[in-house]
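Residue strings, one per chain:
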Amino acid sequence: RSHEGRVLQGGLPFKALTGETMVFASSASEPDRVLNELDAESQSVSAGPKTGCLECTRRPLLVSLMLSLGVLACVARQGMTLEGGRALSTREHEALHPSHVDDDPNWGCGLLGKIPGISQDGQTSPETQRFVDVLKSTSTFNKVNYWNWNLAPQTLPDGQVEHLSKDFLFIPEQWGPGPVPDAWVRPAGQSPFLDSNGQPCNAEMANIFLGMNEPDIQGSCMGTMMGKCLEPCDDAAVAANDCPAAYLNASLPAVEPNARGMCNCWQHSVATGAGFWPVQGCSAHQPLPDLWNQEEACIDGVISNWKKTAATAWSKGYKYLSAPLMAVDVNYAENFIKKACGCSSPGKCSCTDASCGCPVYLGIHFYAFDCLPEATGSYKTFAKRLREVAKVMENYPFVKGAFVNEVGMLNCAQPSDAHPICVPNSGKYPARSVADHGCPATPELPNGLASFVEQIFEMVISAKTNDGRSIVKGFSWFNVDQDGGTYNLRLFDKHGSINKVGEAYMQACKKWADSNLAIER
């Protein structure tokens, strides 16, 4: 799996996982001073000796601090506010979320990744607007939801900037298990707001805040060790100089981790999910995938940090929270809800809204393999996950449904015990052998990835709880090109025109919206 936003927000997960103390300046001159000091330190990191794994994992924080303190400097200079640590009054909170607004919204079809044809000031090309108009019609808010594993739109590793128009809702996420820095959270409902470059973004900040990313699996270090490096180096590996570095640029020559499958993933690369990293207060090297079997202090620490993040979100006007975004294990999310909402048994919880940190949405990711969704059992897996979400919704009626906000096809054979994470180009239909690096036409997918999109939405449309509620409340296609093990999943071609997969996405989204409208009537 791959998350292109991870590079510029890279320090956030490391900060969150190591408990690094954050210091925010109160004036424009102070960030400039701190940025200069951090820049000097960051330049000395690669040349200096590595003294221990924990210290090494803190180093990428410098990049994120430089970016984020720069944003705060822009805030001071441009006169815009991030609301600081001030909590909203009850009247302000109600103004952001009036009671007459639908309390069970459908967030519709969304996007992630680079969208062509939108300028910094929100001007949109006719072709992109045609695409946006269809997607926004699928949402209760009449806007396209967009997220990027971060707290605001940003610059991507290739230098492209995520630009959004007034037709978008940006949905923020705290990637790791640590508490989100208060000053980085933009108020819900704000438009325009500052992006991660300190520039005004014309989208509206959504009133839902997403939980950490894929804590339920180890994941992998991305780039040159994708699917091979499954753990960060521990202190012993660093001390023995047995900690080869991974690089995010997958076009560089492939390299191998050490004999224990460990690597330096903090200096030049990033991990696919929070489950890859150590967590302060937990004794296990990778505690998150098996969190519910860790020591109580570890579990309580993760939940306590989430409560702090939730309190910040609530104070900034966020009405809804999601559980952590799951790669595979819906039961993990149910356990999280039990803890966060103070549930003693199904349906018996001490609090059921964001004011106490209780998530009312699940988040799941889904990928098929090797352009063979039938042969690899991928469709059956997706159906099983939807049934598991339905069970959570039935046991805890305050849970409104699921965001399925990463969906795509992985360019690899189905995982095995030998290769539990996707090793690119290891399957029957390697992307490197296809002209556009997507799925070719096959008996299972006669129209390539367009066929996959159509079938997935048939399953989304039919997925209901026993009491007739729709299970999927938001959907985002993984709109990237061969990022971290995927095929080319872009919805636009290199000229900015909607491609065949994009057209299929539009049609499937409209069909989903029409089915929801029919139910409401």
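If you're wondering where the values come from, they're calculated on a predicted model, not measured in any experiment. (Residues numbered from 1 in each chain as written. Predicted model: local features only at pLDDT ≥ 70, side-chain atom pairs only at ≥ 80, totals over all residues. Heavy atoms only, no water.)

*Asks:* Outline the overall build of the protein chain, supporting the account with residue identities and numerical values.
*Replies:* Within the protein chain one finds 12 helices and 15 strands. A total of 521 residues make up the protein chain; the buried ones form 59% of that total. Long-range pairs, those at least 24 residues apart, make up 75% of the contacts in the protein chain between residues at least 6 apart in sequence. Carbon and sulfur atoms make up 51% of the accessible area of the protein chain, which totals about 19,800 Å². (Helix = DSSP H or I, 4+ residues; strand = E, 2+ residues; numbered from the N terminus. Buried < 20%, exposed > 50% of the residue type's maximum accessible area, 1.4 Å probe, protein only. Contact = heavy atoms within 4.5 Å. Areas by Shrake-Rupley, 256 points an atom, 1.4 Å probe, with all protein chains shown as cover.)

*Asks:* Outline unusual backbone geometry, listing residues and values.
*Replies:* With the exception of glycine, the majority of residues adopt a negative phi angle, and the majority of peptide bonds are in the trans configuration. Following Ser191, the chain continues into Pro192 via a peptide bond in cis, with omega recorded as -5°. Here Pro192 shows up in the loop between β3 (168-170) and β4 (193-194). Unusually for a residue other than glycine, Glu214 sits at a positive phi of about 50°. Residue placement: Glu214 occurs in the loop between β7 (208-209) and β8 (231-232). Judged by its relative accessible area of 0%, Glu214 falls in the buried class. Phi is positive for Asn425, close to 65°, though the residue is something other than glycine.

*Asks:* Describe the pattern of salt bridges, with residues and values.
*Replies:* Scanning the entire structure with this criterion turns up 16 salt bridges. The partner of Glu127 in a salt bridge is Arg130, and the shortest N-O contact between them spans 3.4 Å. One end of the pair is Glu127 and the other is Arg130, both in helix α6 (residues 126-136) and 3 residues apart, which spans about a single turn. By relative accessible area, which is 35% here, Arg130 ends up partly exposed. Look at the salt bridges and you will find they share partners, linking Asp133, Lys136, Lys166 and Asp167 into a network. (Salt bridge = Lys/Arg side-chain N within 4 Å of Asp/Glu carboxyl O.)

*Asks:* Provide a residue-level description of the sheet that holds β7, including the pertinent values.
*Replies:* One open sheet holds the 9 strands; their spatial order is β6-β3-β2-β1-β15-β14-β13-β10-β7, and the pairing between them is parallel. Either end of the sheet is taken by a strand with one partner, and the two such strands are β6 (204-205) and β7. In this structure, β3 lies alongside β6, joined through 2 bridges in parallel fashion. Bridge assignment links Phe170 to a residue of β6, and that residue is Met205. Packed onto the sheet, helix α8 (residues 296-315) meets β7 and β10 (320-326) and runs at close to 140° relative to β10. On the sheet, helix α9 (residues 330-341) packs against β10 and β13 (361-369) and is oriented at approximately 145° with respect to β10. (Pairing = 2+ DSSP bridges. Axes fitted to C-alpha atoms, helices over the stretch in contact; angles between N-to-C directions.)

*Asks:* Outline the state of the cysteines, listing residues and values.
*Replies:* The final tally for this structure, using the stated rule, is 10 disulfides. Covalent S-S linkage joins Cys229 and Cys263, the inter-sulfur distance amounting to 2.1 Å. Measuring handedness by torsion sign, the sulfur bridge of Cys229 and Cys263 sits at about -90° and is left-handed. With Cys229 in the loop between β7 and β8 and Cys263 in strand β9 (residues 262-263), this pair connects stretches of sequence that are 34 residues apart. Covalent S-S linkage joins Cys233 and Cys243, the inter-sulfur distance amounting to 2.1 Å. Where Cys233 bonds to Cys243 through sulfur, the torsion about that S-S bond is close to 110°, and the disulfide is right-handed. Here Cys233 is found in the loop between β8 and α7 (235-239), whereas its partner Cys243 is found in the loop between α7 and β9, with 10 residues between them in sequence. For the pair Cys233 and Cys243, one class covers both residues: buried. (Disulfide = S-S within 2.5 Å.)

*Asks:* Requested: an account of the packing of aromatic side chains, with residues and values cited.
*Replies:* Any pair of aromatic rings gets described here by the distance separating the centres and the angle formed by the planes. Summed over all chains, the structure comprises 28 aromatic pairs. Taken together, a centroid distance of 6.0 Å and an interplanar angle of 85° make the contact between Trp107 and Tyr320 edge-to-face. With Trp107 in the loop between α5 (90-96) and β1 (108-111) and Tyr320 in strand β10, the pair connects residues that are 213 residues apart, well separated along the chain. Per residue, the accessibility class of Trp107 equals that of Tyr320, and both read buried. Arranged with centres 6.3 Å apart and planes meeting at 35°, the rings of Tyr146 and Phe170 form a pair that is tilted. In this pair, Tyr146 is assigned in strand β2 (residues 144-146) and Phe170 in strand β3, connecting sequence segments 24 residues apart. Comparing Tyr146 with Phe170, the two get one shared label, buried. Grouped by ring-pair contacts, the aromatic residues Phe131, Phe457, Phe475, Phe492, Tyr505 and Trp512 constitute a single cluster. (Phe/Tyr/Trp six-rings, centres within 6.5 Å; stacked < 30°, edge-to-face > 60°.)

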